[in-house]
Amino acid sequence: MFEDLIKVIKEKQKFVITTHINPDGDGLGSEIAFFHLLKNLGKEVSLINQDPPLVTYSFLDKKGNFCVYNRELHHQIFKSADVLLAIDLSSPDRLGAVEEELKNKHIYSVCFDHHPPDKKFADIHVVNENASSIGEMIYDLAKEMGLNVTKDIALGIYVSILTDTGSFKYTNTNSKTHVIAAELLKFGIEPYSIYKNIYENNSYQKILLMGKMLNTLQLDESNKLAWAVVTQKALQETEFDYNSEDKEGFIDILRSLNGIEVVLLFSEKEKDFIKVSLRSKGNIDVNQIAMKFGGGGHPFAAGVTLNNTKLEPTVQKILLETSNSIKAFTDSRKE
Ligand SMILES: [Mn+2]
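Residues numbered from 1 in each chain as written. Predicted model: local features only at pLDDT ≥ 70, side-chain atom pairs only at ≥ 80, totals over all residues. Heavy atoms only, no water.

Asks: I'd like to hear about the sheet that holds strand 5 (residues 108-113), residue by residue, with values.
Replies: Pairing is parallel across the open sheet formed by six strands, whose spatial order is 3-2-1-4-5-6. Of all strands in the sheet, those bounded by a partner on one side alone are strand 3 (66-68) and strand 6 (124-127). Neighbour to neighbour, the strand axes of the sheet diverge by 25° on average, direction disregarded. Alignment of strand 1 (residues 14-19) against strand 2 (residues 44-49), held across four bridges, turns out to be parallel. Bridging across to strand 2, Val16 finds its partner in Ser46. Each of strand 4 (83-87), strand 5 and strand 6 is contacted by helix 5 (residues 134-145), which is oriented at about 110° to strand 5, the strand it contacts most. (Pairing = 2+ DSSP bridges. Helix = DSSP H or I, 4+ residues; strand = E, 2+ residues; numbered from the N terminus. Axes fitted to C-alpha atoms, helices over the stretch in contact; angles between N-to-C directions. Contact = heavy atoms within 4.5 Å.)

Asks: How would you summarise the coordination of the manganese ion if you had to cite specific residues and measurements?
Replies: Looking at the manganese ion, one finds its protein donor set to be Asp26 (OD), Asp88 (OD), His114 (NE2) and Asp164 (OD), positioned 2.0 to 2.4 Å from the metal centre. For the manganese ion, the single-chain donor residues occur in sequence as D-x61-D-x25-H-x49-D. A residue pair is termed long-range when its members are at least 10 positions apart, and Asp26 in helix 2 (residues 25-40) and Asp164 in helix 6 (residues 151-164) qualify at 138 residues. (Donors = N, O, S within 2.8 Å, 3.2 Å for Na, K, Ca; no water.)

Asks: Let's hear about the pairing of strand 5: which residues, and what values?
Replies: Counting buried positions along strand 5 gives five out of six residues, so the element sits mostly inside the fold. In the sheet, strand 4 pairs with strand 5 via five bridges, with the strands oriented parallel. In the sheet register, Leu85 faces strand 5, and the bridge partner there is Val110. Here strand 5 runs beside strand 6; their pairing, made up of four bridges, is parallel. Paired with Cys111 across the bridge in strand 6 is His125. (Buried < 20%, exposed > 50% of the residue type's maximum accessible area, 1.4 Å probe, protein only.)

Asks: Lay out the layout of surface pockets with the relevant residues and their values.
Replies: What the second largest pocket holds in volume is close to 390 Å³. If you go around the second largest pocket, you meet 17 residues; those closest to its centre are Phe59, Lys62, Lys151, Asp152 and Leu155. Mapped by element, the contributors of at least two residues to the lining of the second largest pocket are helix 2, helix 6 and helix 8 (191-199). Along the lines of polarity and charge, the residues of the lining of the second largest pocket split into six nonpolar, five polar and six charged. (1 Å grid on protein atoms, 1.4 Å probe; cavity = no way out; pocket = protein on both sides within 12 Å on 5 of 7 lines; lining within 4 Å. Points joined across faces, edges and corners; volume = space filled by probe spheres on them. Nonpolar A, V, L, I, M, F, W, Y, C, P; charged D, E, K, R; others polar.)

Asks: Explain the packing of aromatic side chains to me, using residue names and the numbers behind them.
Replies: Per the stated rule, a full pass over the model turns up seven aromatic pairs. Between Tyr195 and Tyr199, the aromatic rings sit 4.8 Å apart at their centres with planes inclined by 40°, giving tilted as the arrangement. Here Tyr199 and Tyr195 lie together in helix 8, a separation of four residues that amounts to about one turn. Its relative accessible area of 32% is what places Tyr195 among the partly exposed residues. For Tyr199, a relative accessible area of 23% puts it in the partly exposed group. Counting every residue linked through ring pairs, the aromatic cluster contains Phe2, Phe34 and Phe112. In this arrangement the basic side chain of Lys12 is found over the ring face of Tyr108, its NZ or CZ atom lying 5.6 Å from the centre. Note that Lys247 overlies the ring of Tyr242, its terminal NZ or CZ placed 4.2 Å from the centroid. (Phe/Tyr/Trp six-rings, centres within 6.5 Å; stacked < 30°, edge-to-face > 60°. Lys NZ or Arg CZ within 6 Å of the ring centre and 35° of its normal.)

Asks: Talk me through the nonpolar core; I want residue IDs and the actual numbers.
Replies: Nonpolar side chains in soluble globular proteins generally cluster together in the buried interior. In this structure, Leu5, Phe34, Phe112, Leu184 and Ile194 are the most contacted members of the largest nonpolar core, which totals 51 residues. The dominant element in this core, judged by the number of residues it contributes, is helix 6, at eight residues. Dropping the residues within four chain positions of it, Phe112 is found in contact with Phe2, Leu5, Phe34, Leu85, Ala86, Ile87, Asp88, Val126, Ile134, Met137 and Ile138. Core analysis: the next-biggest nonpolar cluster, separate from the first, contains 23 residues, Trp227, Leu311, Ile326 and Phe329 among them. (Core = buried A, V, L, I, M, F, W, Y, C linked by side-chain atoms within 4.5 Å.)

Structure (structure tokens):
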């Protein structure tokens, strides 16, 4: 599956790697792994994203290789590069401002992804929907190319797998995921130290905010749908810095509820700017629901971002859509 990409890697010299807005552990870990992999081959590599990495992931990049896109500073780099490698990206608008560089078509583009294919936007698409994470795909690529995995590469891949499988617990975890993780440990990375950096690094403000979020928890009549909100007021009261820390832990608490099918978390990030996280326990395709509101993701983990919308009507609209999906599923079981 990597034939075309391997040809590109062998023939080209200058690479720019980018990932989606609000990059997660999969995006950032994979970028770092790819960065070192290509560097070790003697390539010129830049890492340029629309958004800075969360403080949570600063341990991945002690040398400061991640750049925050600025047209004035970086347009020339994109223009003179041979290849734009866009990873973990279901659709090009998830690039934010970097999408403009892709659209300009002055650069050969590669989409390297594990989401269900949306539409073609790059010159080549390397997609493995069965891969737990982009990290797993990079590991396969390195193997196929016969490349050495170094500690830096192993760390990036491990973070990517760890975060996208929810610490080896979601349905995308299988024997291959564990085999790769076991292989990676041979390169001297330390699982607990990585775990601590990502999951035991919460600020006091974050835990306080979680408390406020939990106070808003509600269940529908069927007890199959749960939801909670993070309001602007709660953010202000706790002084939580929304842009610096990972928010994955919020929805993880909610999805631990027994008996539910879907959990929704509505975050009023700024006034009239709402982020919705949708998680399914395996029966309902929340990607379908997210797509109806212009969002997307995976069947069991998806998101929607809405501008110029009020919290209350948004909650009602998405709750209704989700209830309908759950009802359709329960009815189909009865037949
Ligand atoms: Mn991913």
